[in-house]
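Each chain is listed here by its residues.
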Amino acid sequence: MSKFFYVKLAFSNIKKNARIYVPYMLTCMGTIMMYYIIRGLALNQSMRDIRGGNEVQMIMGFGSWIIGIFAVIFLFYTNSFLIKRRKKEFGLYNILGMEKRHLGRVVFWESVDTFLISMAAGVGFGVLFSELVYLCVERALEFEMSLKFEIVPRAIAEAAILFGIIFVINLLNTLRQIHLANPVELLKGGNVGEKEPKTRWILTSVGFLFLGVGYYMAATVENPIDAMLFFFLAVILVVIATYCLFTAGSIAILKFMRKRKNFYYKRNHFISVSGMMYRMKQNAAGLASICVLSTGVLILISTTVCMYLGTEDAIRVRYPRNIYFDMHVSSKEVMENVQEIKEKVLAAHGVKSVDEVAYERSYYTVNQSGNHFGEDYGNDKTTKDYANIECITLQDYNRLAGKDVSLAEDEVLLCVVSGEVEENTMYFGDTEFRIKEKLEEFPLPTDNLGNVVNTYWLVLPDKDSAKRVAEGISLKSFWKYYCAFDINAGEDVQLQVYEDLLAELQASGMEGSVRSAAEGRSSFFALNGGVLFLGIFLGFLFMMATVLIIYYKQISEGYDDRERYQIMRKVGMSRKEVKSSIRSQVLTVFYLPLIAAGVHIFFAFNMIRRMLFVFGLYNVRLFAVCTVTTMLLFGLLYCLVYGRTAKTYYKIIS
């Protein structure tokens, strides 16, 4: 026997089974390519020298872990489809005299060939498309300097190790199945169906219960921090519910359809319902996986696209003015020094400040219980129990608002940004203040400041009143000085002004900080742009997994159904009738995950939009447009996949 016999036989087997091997290898190539590109960005040396590059590399490093974990699970899952179709072939080899150890050698070389081809092509395409991806990253993240294209040996090595381990796991699992099965089992392995399952009402009830709880959490959450805390719990509940309902609930529905004689005893319905019933346990698991992956695609792409498109809005929320002074203490001397530094630097650059706002402010984070504020209210504290109290003096309020309001010693003006104070009094410990007026408008930025915890602006008669507030909640009274303004100049000038202001402030020895919208822009674009690219890559990966599962399921069912449909042809059914029956089954089964994914997205919308508040994105309309657009595009792709796989299914059974 030639020493290369098993190598040639393995390569020949791959060619003969191209229908099932090529999609699997293409998926491996795509996954390796995406892993290399993401990992390459995380390890790119020139990225570290770019403003915002550290944030991008952190996100890409996290993304490479996600892709790696997903690859282990998904490729193991899809390999089971591939091996199922090969069992009959292995059984035939075994009966013809090939021992299991020889079969093991064939499978080994098949795995080696598949790995080498996938690895070479995946890394090759990864290197080829890396330059294009780098250009897209530069443009999307608005980097000031170009990324240097480089082949990253470490990324190649890590990809080889990761996917080598995955292929070894799949190989060991295949050898285990071959070793434990006898030749007859192998011959029938590709045609083993599921017995008609019983209606499991307990599992169905658990599914509806978990789904209801998950939907309720997503639909009723109001606080962004609560949304982030409960998001993964809600996801886990909905995922478990999806598998329970597809596995148990679908069986109950099919049995209900079977009891309706007017529906069931029709040619197309009889074949479709009985066919799905025969292998429903296996079908349900695959369909639930398609539903979960489809939901992941929709959430990832719609959310990350929305975050990127809303970057400018988020920047303006975070920086209502171009430049900020934030002084740790407030006094007449500090205010004069800040103004002197500001005028000096602006004059040096030949620009002037516009839309300037300056005021003294104190703030406290306390516990809230109705109209009582202090340290001990709320035993089982959540974010609903906390409140930010932002205080300014009446003098600053009248100056900023252009009004002439007067307040008694125990009176305040209240602006509710978020939260609720129903009474006309507020208690800080034992100290009582009467609310003279609840303001609808406020001269300082209030939009979106209170989306994380309850936030209130409090106008106090004077600083002595603020001291009483602090003493009432057992905190130390303090005041800070804020000065913010815009500059009618480009970002380059804004950055220069910011850097000079920062240098002058440090040289003066005063305690404080300077912030700039232009300086923070790079971090925003690095974060949101990095998340966008990661979301697109992961969305594409999930989409590829969805398509492959649908494809393999159609092929698997096609081979299982071929003999039964050939019998139908022999007893008189025409090709048109067979094709109509196929269309009825595929439409019933394969559009169910898409519909379920749409329902998941509908209930998740509120929770996700609340989570986006944490990132400074409050444009709900933008998120709605991104979500609807993503669903329409994904639905179109799903229809195309259905059309293509239905043709493959029909060719197999014909």
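Read on for a plain summary of the structure. (Residues numbered from 1 in each chain as written. Predicted model: local features only at pLDDT ≥ 70, side-chain atom pairs only at ≥ 80, totals over all residues. Heavy atoms only, no water.)

### With respect to the overall build of the protein chain
- Counting secondary structure elements, the protein chain contains 20 helices and 10 strands.
- Classification of the 654 residues of the protein chain by burial places 53% in the buried group.
- Restricting the contact set of the protein chain to residue pairs at least 6 apart, pairs at least 24 apart contribute 83%.
- In the structure as shown, the protein chain presents an accessible area of about 31,300 Å², 60% of it carried by carbon and sulfur atoms. (Helix = DSSP H or I, 4+ residues; strand = E, 2+ residues; numbered from the N terminus. Buried < 20%, exposed > 50% of the residue type's maximum accessible area, 1.4 Å probe, protein only. Contact = heavy atoms within 4.5 Å. Areas by Shrake-Rupley, 256 points an atom, 1.4 Å probe, with all protein chains shown as cover.)

### Focus: a positive patch on the surface
- Side chains of Arg 19, Arg 644, Lys 647 and Lys 651 sit close together on the surface and give a patch of like positive charge.
- Per-element accounting of the positive patch gives the leading share, three residues, to helix α20 (residues 620-653).
- Tracing the backbone through its elements, the reader meets Lys 651 in helix α20.
- Classification of Lys 651 by relative accessible area gives exposed; the value is 57%. (Patch = residues over 30% accessible without salt bridge, like charges linked within 9 Å, V, L, I, M, F, W, Y side chains within 5 Å. Salt bridge = Lys/Arg side-chain N within 4 Å of Asp/Glu carboxyl O. Lys, Arg positive; Asp, Glu negative; His and termini not counted. Charge placed at Lys NZ, Arg CZ, Asp CG, Glu CD.)

### What about the nonpolar core?
- Counting residues in hydrophobic clusters, the biggest one holds 78 residues, and the most contacted among them are Phe 163, Tyr 552 and Tyr 638.
- Mapped onto this core, the elements with two or more residues apiece are α2 (18-43), α3 (53-95), α4 (100-141), α5 (153-180), α11 (280-309), α17 (517-570), α19 (592-614) and α20.
- Residue contributions to this core peak at 16 residues, all from α2.
- Apart from residues lying up to four places away in sequence, Tyr 552 is in contact with Ile 20, Pro 23, Tyr 24, Thr 78, Phe 81 and Leu 82.
- Grouped together as the second largest cluster of nonpolar side chains are 22 residues, Ala 314, Ile 392, Leu 407 and Ala 517 included. (Core = buried A, V, L, I, M, F, W, Y, C linked by side-chain atoms within 4.5 Å.)

### Focus: the packing of aromatic side chains
- Under the defined criterion, the tally for this structure stands at 19 aromatic pairs.
- The interplanar angle of 80° and the centroid separation of 5.7 Å between the aromatic rings of Phe 373 and Tyr 456 together place this pair among those described as edge-to-face. In this pair, Phe 373 is assigned in strand β3 (residues 372-374) and Tyr 456 in strand β8 (residues 454-460), connecting sequence segments 83 residues apart. With respect to class, Phe 373 is no different from Tyr 456; both count as buried.
- Seen from the ring of Phe 485, Lys 342 lies directly overhead, with NZ or CZ sitting 5.6 Å from the centre.
- Across from the ring centre of Tyr 324, 4.8 Å away, lies the NZ or CZ of Arg 515, which sits over that ring. (Phe/Tyr/Trp six-rings, centres within 6.5 Å; stacked < 30°, edge-to-face > 60°. Lys NZ or Arg CZ within 6 Å of the ring centre and 35° of its normal.)

### So, α2
- Over its 26 residues, α2 extends 36 Å from the first C-alpha to the last, a length consistent with the 38 Å expected when each residue adds 1.5 Å.
- Taken across its 26 residues, α2 has 22 buried, putting it largely inside the fold. (Expected span 1.5 Å × (residues − 1).)

### Thoughts on a nonpolar patch on the surface
- Among the surface-exposed residues, Trp 65, Ile 69, Val 72, Ile 73, Phe 76, Ile 161, Ile 165 and Ile 169 lie close enough to one another that they form a single nonpolar patch of about 820 Å² accessible area.
- Ranked by residue count, the leading element in the nonpolar patch is α3, at five residues.
- Along the chain, Trp 65 falls in helix α3.
- For Trp 65, a relative accessible area of 63% corresponds to the exposed category.

### Considering the environment of Tyr 243
- Residue position: Tyr 243 is located in helix α8 (residues 224-259).
- Sequence separation between Tyr 243 and Ala 288 is 45 residues; the distance between their C-alpha atoms is 5.3 Å.
- Setting aside anything within four residues of it in sequence, one finds Tyr 243 in contact with Ala 285, Ala 288, Ser 289 and Val 292.

### Observations regarding the packing of helix α1 (residues 5-16) against α2
- Where α1 meets α2, the closest approach of the two axes is 6 Å, and the angle between their N-to-C directions is 95°. In terms of axis orientation, α1 runs roughly perpendicular to α2. Facing Ile 14, Lys 15 and Lys 16 of α1, the residues of α2 in contact are Ala 18, Tyr 21 and Met 25.
- In the contact of α1 with α2, the residues fall into four nonpolar, no polar and two charged. (Axes fitted to C-alpha atoms, helices over the stretch in contact; angles between N-to-C directions. Parallel < 35°, antiparallel > 145°, perpendicular 65-115°, else oblique. Nonpolar A, V, L, I, M, F, W, Y, C, P; charged D, E, K, R; others polar.)

### Considerations on the state of the cysteines
- Counting across every chain of the model gives zero disulfides.
- The thiol of Cys 306 is unpaired, and the distance to the nearest cysteine sulfur, on Cys 626, comes to 4.6 Å. (Disulfide = S-S within 2.5 Å.)

### Brief notes about the packing of α8 against α19
- Contact geometry of α8 with α19 gives a least axis separation of 9 Å together with a crossing angle of 170°. The pairing of α8 with α19 is recorded here as roughly antiparallel in orientation. In this structure, α8 uses Pro 224, Ile 225, Ala 227, Met 228, Phe 230, Phe 231, Ala 234, Val 238, Thr 242 and Phe 246 to contact α19, whose residues at the interface are Leu 592, Pro 593, Ala 596, His 600, Met 607, Ile 608, Arg 610, Met 611, Phe 613 and Val 614.
- Of the residues in the contact of α8 with α19, the class split is 17 nonpolar, two polar and one charged.

### Quick word on the pattern of salt bridges
- Under the definition given, this model contains 11 salt bridges.
- Note that Asp 355 is salt-bridged to Arg 321, the shortest N-O span being 3.7 Å. Placement of Asp 355 in strand β2 (residues 353-369) and of Arg 321 in the loop between α12 (311-318) and β1 (323-327) is noted, with a sequence separation of 34 residues between them.
- Overall, the relative accessible area of 48% leaves Asp 355 in the partly exposed class.

### With respect to the pairing of strand β6 (residues 425-428)
- Relative to β6, β3 runs parallel, the two sharing two bridges. Across the sheet, the residue bridging to Phe 373 is Phe 428, located in β6.
- Hairpin connection, β6 to strand β7 (residues 431-438): the antiparallel pair is bridged by two residues, and Gly 429 has positive phi, about 65°. (Pairing = 2+ DSSP bridges.)

### Digging into the side chain of Thr 425
- Looking at the element boundaries, Thr 425 is found in strand β6.
- Accessibility expressed as a relative area gives 19% for Thr 425, which makes it buried.
- Here the side chain of Thr 425 touches Asn 371 through a polar contact of 3.1 Å, side chain to side chain. (Polar contact = N/O pair within 3.5 Å; in protein donor to acceptor, adjacent residues only side chain to side chain.)

### Description of the pairing of β2
- Here seven bridges tie β2 to strand β9 (residues 480-487), and the two strands are oriented antiparallel to one another. Bridge pairing in β9 links Tyr 359 to Tyr 482.
- Note that β2 and strand β4 (residues 386-393) share six bridges and pair antiparallel. Within the sheet, the bridge partner assigned to Ser 362 lies in β4 and is Cys 391.
- Pairing of β2 with β3 involves three bridges; the strand directions are antiparallel. By the bridge assignment, Ser 369 is partnered in β3 with His 372.

### Topic: the environment of Arg 468
- With respect to the helices, strands and loops of the structure, Arg 468 is situated in helix α15 (residues 463-472).
- Judged by relative accessible area, which is 27%, Arg 468 ranks as partly exposed.
- Separated by 39 residues in the primary sequence, Arg 468 and Gly 429 have C-alpha atoms spaced 9.9 Å apart.

### Some points on the side chain of Asn 371
- Position of Asn 371 among the secondary structure elements: in the loop between β2 and β3.
- Once residues lying within four places of it in the same chain are set aside, the contact partners of Asn 371 are Val 421, Glu 423, Thr 425, Met 426 and Tyr 427.

### Regarding the environment of Trp 479
- Within the secondary structure layout, Trp 479 lies in the loop between α15 and β9.
- By relative accessible area, which is 10% here, Trp 479 ends up buried.
- Not counting the four nearest positions on each side in its chain, Trp 479 is found in contact with His 328, Val 329, Ser 330, Glu 360, Arg 361, Ser 362, Cys 391, Ile 392, Thr 393, Lys 463 and Ala 466.

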